Amino acid sequence: MKFKHIPYVIVVVFLALLVVAPERYTHPISNFLVKGFTPVCNLITTVKIRFFRISDNLKSLESISEDNQKMRKELAKLRTENDRLKELEQENNKLKQMLGFVQNSAYDYVAARVIARDSSNWWQGLHLDVGLKHNRRLGPNMAVVTEDGLVGKTTIIFEDHCKMVLIVDENCKVSTTIKESREQGIVMGMREATEAAPILKMTYISRKAEILHGQTVVTSGLGSVFPPNIPIGSITEIRTASKAGSLGLYREALIKPVVDLSNLETVFIVVGRK
Amino acid sequence: MMNVIFIVAIYFALLLQVSVPPIGFLFGAKLDLICCLVIYTGMSYSLFSVFFVSIVGGVVQDALSNNSVYLSDSASAIVSVGTTQGHLGMSAFPYLFFGILLYSNKALFFRSPFLVQMLLGGGVTFLILLVNYTITCFAREVPLYYSLDVILRIFGVSLINMVLTPFVFSFMDSMSRRMGLEDHAQQH
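Predicted, not measured: the structure shown is a model, and the values here were computed from it.

## Some points on the overall build of chain A
Phase 1 of the analysis: Within chain A, the regular secondary structure consists of five helices and 12 strands.
Phase 2 of the analysis: For chain A, buried positions account for 34% of its 274 residues.
Phase 3 of the analysis: Of all intrachain contacts in chain A linking residues separated by at least 6 positions in sequence, the fraction that spans at least 24 positions is 58%.

In structure tokens:
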């Protein structure tokens, strides 16, 4: 080996040490590196949301003209309905407040906005815009939900943002129950799944369990990471014990997540009981 | 000076990677622009630049990913609790390996034609991702298998990079020309 190559060898050795270093040593480095991205990601998200709002409202001149004619015709009719709708709107707002997801829950939530996705092809994760400086109670392994159901769990919390894995990730495992039959199992993501084509697998279902297509799977609450009874999805396919590759000991079911993971904008992190 | 351009390029490449969602019709493939930069550097610049781009790109990409988390064992599967462990820089190794391979064999390729750049972009990306996937499986302690979906996703990223690599070449070449580094790029 030539002497001029020695620095390169040293660099590779340092890189190898960095890879095997425990997380408590790499955390500050990650934090430092990601800090440069967080404000720009925040900005991009804000601009993106505003752009889509504007583009939704923008129409071509032709369609505006057509709409205008139609609207004129409908104006008279709408005026008569206007008063009634105002009343309905007020009533609707009241109902929304009453049925509000956060207010009605037994848990404390921290609302977070999705600012970026995982940079790797092999992880299904997101970056959220809340960190320790927003709420000191935030920590890893906290459930992330929307009003529809479970989204995933937090993994690393930084000062001004945090990372989470989605339930479609292979390493996110959730103790679950089938709502109708109370049959228990473990739901995990599949390597083939992505945000665009989400699919989950429920394993360790008893051979004798009565499971049917369309049944709802919810969190069981075991393990104390995920609160109980959060909807996860519905069963789309049931695999027999022989096909599940489990030597016939248990069955598997494929589950379609109830949450649209490809269009997540705002999520809630469960930080504890009220 | 070129290293400053590389840092800016890596920054914007990763910014795009975390902003663009997976592409459904390409089997859920995400962008991997660091691959394109590694190919460009391997074909155009010194060994130092190859090391620089591969390591900085790989480490920052891992910092932006959940790659730095290790979440499995049988106990945690039941209680859904993961432990964290650093794998920061894991992605840098495949980049480095193929970057050096390209650098040491660049005399075998014509650098300029679009077709060569496209084939390099697609082929090298496919190999890098295949190695990256294998390493990731070991690091996550999950079973290693190459299903059709996995291969198709890698193929999807390769297709994207096949299209993007010539653009990366022309963009980076024009940047280096503007910075007065043209001779340096051609010389290597």
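There is more to say, and it comes next.
## A look at the overall build of chain B
Phase 1 of the analysis: Helix and strand content of chain B: eight helices and zero strands.
Phase 2 of the analysis: Going from the N terminus to the C terminus, chain B shows its helices and strands as α-α-α-α-α-α-α-α.
Phase 3 of the analysis: Expressed as a percentage of its 188 residues, the buried residues of chain B come to 49%.
Phase 4 of the analysis: Across chain B, the fraction of contacts at a sequence separation of at least 24, relative to all contacts at a separation of at least 6, is 76%.

## Topic: the sheet that holds strand S3 (residues 143–145) of chain A
Residues and elements named next belong to chain A.
Phase 1 of the analysis: With antiparallel pairing, six strands are arranged side by side around a closed barrel as S1-S2-S5-S4-S3-S12. Each strand of the sheet is rotated relative to its neighbour by a mean of 45°, with strand direction disregarded.
Phase 2 of the analysis: Two elements, strand S2 (residues 125–128) and strand S5 (residues 162–166), share four bridges in a ladder whose sense is antiparallel. By the bridge assignment, Leu126 is partnered in S5 with Met164.

## A closer look at the sheet that holds strand S11 (residues 250–257) of chain A
Phase 1 of the analysis: What the six strands build is a closed barrel, ordered S6-S7-S8-S11-S10-S9 (chain A); its pairing is antiparallel. Mean inter-strand twist for the sheet, computed between neighbouring axes without regard to direction, equals 40°.

## Some thoughts on the confidence of the model for chain B
Atomic detail in the predicted coordinates should be set aside for any region of low pLDDT.
Residue and element names in this part refer to chain B.
Phase 1 of the analysis: When pLDDT is averaged along chain B, the result is 82, and 84% of the positions lie at 70 or above.
Phase 2 of the analysis: The least confident element of chain B is helix H4 (residues 74–79), whose mean pLDDT is 40; the most confident is helix H5 (residues 92–104), at 93.
Phase 3 of the analysis: Under a pLDDT of 50 for its full length, residues 68–84 has, in the predicted model, 49 contacts with residues more than four places off or in other chains.
Phase 4 of the analysis: We note a pTM of 0.75 for the whole complex and an ipTM of 0.80 for its interfaces.

## With respect to the nonpolar core
Phase 1 of the analysis: Judged by nonpolar contacts, the single largest core of 105 residues is most densely connected at Leu150 and Ile232 of chain A together with Ile10 and Leu37 of chain B.
Phase 2 of the analysis: When neighbours within four sequence positions are excluded, Ile10 of chain B is seen to be in contact with Ile34, Leu37, Val53, Val56, Gly57 and Val60 of chain B.

## Looking at the environment of Ser46 of chain B
Phase 1 of the analysis: As for its position among the elements, Ser46 of chain B is in the loop between helix H2 (33–44) and helix H3 (47–63).
Phase 2 of the analysis: Residue class for Ser46 of chain B comes out partly exposed when judged on the 14 C-beta atoms lying within 10 Å of it.

## Examining the pairing of strand S6 (residues 173–178) of chain A
Residue and element names in this part refer to chain A.
Phase 1 of the analysis: The element S6 is largely enclosed, with a buried count of six among its six residues.
Phase 2 of the analysis: Covered by surrounding structure in S6 are Lys173, Ser175 and Thr177 together with Val174, Thr176 and Ile178, the residues of both alternating faces.
Phase 3 of the analysis: Across five bridges, the pairing between S6 and strand S7 (residues 184–189) is antiparallel. Looking at S7, one finds that Thr177 is bridged to Gln184.
Phase 4 of the analysis: Where S6 folds back on S7, the antiparallel hairpin that results is connected by five residues, among which Arg182 adopts a positive phi of roughly 60°.
Phase 5 of the analysis: Strand direction decides the pairing type here: S6 and strand S9 (residues 216–219), joined by three bridges, are antiparallel. Across the sheet, Thr177 pairs through a bridge with Val218, a residue of S9.

The rules behind these values
Residues numbered from 1 in each chain as written. Chains lettered and ligands numbered in written order. Predicted model: local features only at pLDDT ≥ 70, side-chain atom pairs only at ≥ 80, totals over all residues. Helix = DSSP H or I, 4+ residues; strand = E, 2+ residues; numbered from the N terminus. Buried ≥ 20, exposed ≤ 12 C-beta atoms within 10 Å, placed from the backbone. Contact = placed C-beta atoms within 7 Å. Pairing = 2+ DSSP bridges. Axes fitted to C-alpha atoms, helices over the stretch in contact; angles between N-to-C directions. pLDDT = per-residue confidence, 0-100. Core = buried A, V, L, I, M, F, W, Y, C linked by C-beta atoms within 7 Å.

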